Amino acid sequence: MPLFIVHHQHSPQTCPTRDPAKGAMLLNHLSRPSAARHGVVIKGEAVVRGSHSLFFIAEAADETVLKAFLTPFLQAGEVEVMAASTCAAVVASGGCDARPADVSAAVLDPADACQDAVEAGLLIHSVYPLNGETSVQDLAGGAVVPNGRFYLRNHFDIPNLDGESYRLSVNGLVERSLSLSMRDLHNLHAESLVVTLECAGNGRSLFDPAVPGEAWGLGAVSTAEWTGVPLSKVIERAGPRSGATELTFRGADGGLVEGHDAPIRFERGLSFDQIRETDALLAYEMNGEPLSSTHGYPLRLIVPGWYAVASVKWLTEIVVTDKPCETHYQTEKYWYQWVRNGRDERAPVTLMSVRALISSPDQGESLPRGETAIRGVAWSGAGSISRVDVSLNDGPWREARLVGEPRRSAWQWWELITRLEQTGPLAVRARATDMAGRTQPERAEWNRLGYGNNSIHSVTAQVI
């Protein structure tokens, strides 16, 4: 609904609060339930003491509805109604003096989606496309990250799909082309997996020299429990033909990208061999709730162990082919590009690198002397975590305790209980090793697009 700022002004002589009955009447009229009965939502109000002025922010279908609600205030003084906007809407429209863009019903309003992300506590990097990361301290607060705080990575506008009319198409080199509704999918055997998803660019801002792309800190990673249909079961129903070796996954999101004259769709591909090594899921629930639009409603792909670019959101089509996917986000983006020994080399972005993050202490936090707990999370795409080591003030590495059962597809909590005897600066470093024997490097290898930065995490605190 449209947003308004209301300014009510009355004279000292007509101040209604001097009459307890009138004051109570206006207070009751301004209550949330009363406003709701008049079709108005009060977002907040404040009185400027000594000035006989009241300001409040309200939503209403239009100014006429709002002014009808304001009748008691008009009787007590003057009322000014000003059309307003949220900060998110101003940023989304390109400035305070820009007109809001008309938003198609086919996509979510960027301002609304951004406002929801801000209120959930995400650190916003861009409004279009909407990208926001979770604070590192929020990562280790539970087994999973609450849906609203789960990081957001988008390349285009967010599709606003209708679950009732939605169909998932499975075609190409198959014996039976499929067109599955959400009811069809819900009627199939469901499984749930706890899976950590990480953006391939997580930690990009820490590369030196700087690289292009979204300047992620360390919070473009989150874990959720995903529920849906095993991908393999759906592909079996379609019946791949002889020679079929590849799958292309097409999302509903799309738009213009540099180097392409016409709009493109977001598409990624995986081979049958790659799929067999994962428990890929066609997910329709996240942490026990239907997917939100920002996280791929009504259906998305979840590929455990792989960087999240493989987990296509708003999935509308699966194409079975005999050739690798050669789309923009498969061949032009999401490749490591290095210069080694004077030669250009490259490799595709696939499994997540091994990594540990320190969630406690926070950067710059003051810690009392005595016993304290160093905590965090660790994960890897190649296998579960075998150990996490912690170093204090560049001292020897000490093995932390792994908390809970190891899971290949999800992060591992860890903690080190130690004593801090001396006051002063405290440098905490953590590195993880996985069951495949991979260990975090001191410094990740720089690459042109800033992918896979899994350098050892360090935090500086102060012992007081």
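Predicted model only: the values in this text are computed from it and were never measured. (Residues numbered from 1 in each chain as written. Predicted model: local features only at pLDDT ≥ 70, side-chain atom pairs only at ≥ 80, totals over all residues. Heavy atoms only, no water.)

Draft legend 1. Fine view of the overall build of the protein chain. Secondary structure assignment for the protein chain yields 11 helices and 27 strands. Projecting the C-alpha coordinates of the protein chain onto the three principal axes gives extents of approximately 85 × 70 × 45 Å. The buried share of the protein chain, taken over its 464 residues, is 49%. Partitioning the contacts of the protein chain with sequence separation of at least 6, the portion at a separation of at least 24 is 69%. (Helix = DSSP H or I, 4+ residues; strand = E, 2+ residues; numbered from the N terminus. Buried < 20%, exposed > 50% of the residue type's maximum accessible area, 1.4 Å probe, protein only. Contact = heavy atoms within 4.5 Å.)

Draft legend 2. Local environment of the pattern of salt bridges. For the coordinates displayed, the defined rule picks out 19 salt bridges. Across the pair R32 and E45 runs a salt bridge whose closest N-O atoms are separated by 2.9 Å. Of this pair, R32 sits in helix α2 (residues 32-37) while E45 sits in strand β2 (residues 40-48), placing them 13 residues apart in sequence. For R32, a relative accessible area of 41% gives the class partly exposed. Taking the shortest distance from any N to any O, the salt bridge between R401 and E415 comes out at 2.6 Å. In this pair, R401 sits in strand β24 (residues 401-403) while E415 sits in strand β25 (residues 412-420), placing the two residues 14 residues apart along the sequence. Exposure remark for E415: the relative accessible area of 12% places this residue in the buried category. Taken together, the shared-partner salt bridges connect R387, D389, E399 and R431 into one network. (Salt bridge = Lys/Arg side-chain N within 4 Å of Asp/Glu carboxyl O.)

Draft legend 3. Examining the environment of D184 more closely. Residue position: D184 is located in helix α8 (residues 182-186). Along the sequence, D184 and A200 sit 16 residues apart, while their C-alpha atoms lie 33 Å from each other.

Draft legend 4. Geometry of the pairing of strand β26 (residues 424-434). Of all 11 residues making up β26, eight are buried, and the element is well covered by its neighbours. The pairing of strand β22 (residues 385-392) with β26 spans seven bridges and is antiparallel. Within β26, the residue paired with L392 across the bridge is V428. Across seven bridges, β26 lies against strand β27 (residues 457-463) in antiparallel orientation. Note that in β27 the partner of G424 across the bridge is V463. (Pairing = 2+ DSSP bridges.)

Draft legend 5. Highlighting the environment of W306. With respect to the helices and strands, the residue W306 is situated in the loop between β15 (300-302) and β16 (315-321). Assessed through its relative accessible area of 8%, W306 is described here as buried. Each C-alpha atom of the pair W306 and M352 lies 5.4 Å from the other, and the pair is 46 residues apart in sequence. Not counting residues within four places of it along the chain, the set of residues in contact with W306 comprises L270, Q274, T278, V349, T350, L351 and M352.

Draft legend 6. Region of the structure containing the sheet that holds strand β20 (residues 366-367). The strand order β20-β27-β26-β22-β23 describes an open sheet built from five strands, whose pairing is mixed. A single partner strand is all that each edge strand has here, and the edge strands are β20 and β23 (398-399). Bridge analysis of β20 against β27 gives two bridges, and the strand direction is parallel. Looking at β27, one finds that L367 is bridged to V463.

Draft legend 7. Quick peek at the pairing of strand β19 (residues 355-360). For β19, the buried fraction is high: five of the six residues fall into the buried class. In the sheet, β19 pairs with strand β21 (residues 370-379) via five bridges, with the strands oriented antiparallel. Bridged to R355 within β21 is W379.

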